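# Secondary and tertiary structure notes
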Amino acid sequence: MKVLLLEDDPELQGAVERRLRASGFAVDAAQGIPDAEFLLSVNQYDCLLFDRAVPAGDAITLVRRLRTEDVLTPVLLLTSVDCADDHGGPRG
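On a predicted model such as this, the values are computed, not experimentally measured, just so you know.

### A closer look at the sheet that holds strand 3 (residues 47-51)
Spatial ordering of the open sheet is given by 2-1-3-6, a layout of four strands whose pairing is parallel. A single partner strand is all that each edge strand has here, and the edge strands are strand 2 (26-30) and strand 6 (75-78). Across the sheet, the mean angle separating the axes of adjacent strands is 15° when strand polarity is ignored. As defined by bridge partners, strand 1 (residues 2-6) adjoins strand 3 across four bridges and the pair is classed as parallel. Across the sheet, residue Leu-5 finds its bridge partner in strand 3, namely Leu-49. Strands in contact with helix 3 (residues 59-68) are strand 1, strand 3 and strand 6; relative to strand 3, the strand with the most contacts, it is inclined by about 150°.

Below you can see the structure in the form of structure tokens.
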């Protein structure tokens, strides 16, 4: 199974990537939306594992765009958002 991991924290990205590989997954990793968009344009994935809040945007916006392009790959969102009403805005 091939996974695209979008995570901007290098330490967390490395830990998740190592764990996925140890579990037998093929993993491509991106640290930002532009990198993820490029990888999506040249590869097919079985699953997308996205950190919600990354540099240059919110991964939900990327997922919405992918859905309008009929990309139906399953997506898992990682987030530190602490309530359902949080729409990715500034934290106080």
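### Quick word on the nonpolar core
Leu-4, Leu-6, Leu-40, Leu-48, Phe-50 and Leu-62 are the most contacted members of the largest nonpolar core, which has 15 residues in total. Looking at this core, the elements that each hand over two or more residues are strand 1, helix 2 (33-42), strand 3 and helix 3. Dropping the residues within four chain positions of it, Phe-50 is found in contact with Leu-4, Leu-6, Ala-59, Leu-62, Val-63, Val-75, Leu-76, Leu-77 and Leu-78. The next biggest cluster of nonpolar side chains, apart from the first, holds six residues, and it includes Val-3, Leu-20, Val-27 and Leu-49.

### Notes on helix 2
Those residues of helix 2 that fall on the buried side of the exposure criterion are Ile-33, Ala-36, Leu-39 and Leu-40. Along helix 2, the residues classed as buried sweep out an arc of 125° about the axis, all on the same side. Away from the buried face of helix 2 by more than 90 degrees, exposed residues Pro-34, Phe-38 and Ser-41 are located. Contacts made by the buried residues of helix 2 are with strand 1, strand 2, strand 3, strand 4 (53-54), strand 5 (57-58) and helix 3.

Rules used in this analysis
- Residues numbered from 1 in each chain as written.
- Predicted model: local features only at pLDDT ≥ 70, side-chain atom pairs only at ≥ 80, totals over all residues.
- Heavy atoms only, no water.
- Pairing = 2+ DSSP bridges.
- Helix = DSSP H or I, 4+ residues; strand = E, 2+ residues; numbered from the N terminus.
- Axes fitted to C-alpha atoms, helices over the stretch in contact; angles between N-to-C directions.
- Contact = heavy atoms within 4.5 Å.
- Core = buried A, V, L, I, M, F, W, Y, C linked by side-chain atoms within 4.5 Å.
- Buried < 20%, exposed > 50% of the residue type's maximum accessible area, 1.4 Å probe, protein only.
- Arc of directions from axis to C-beta.

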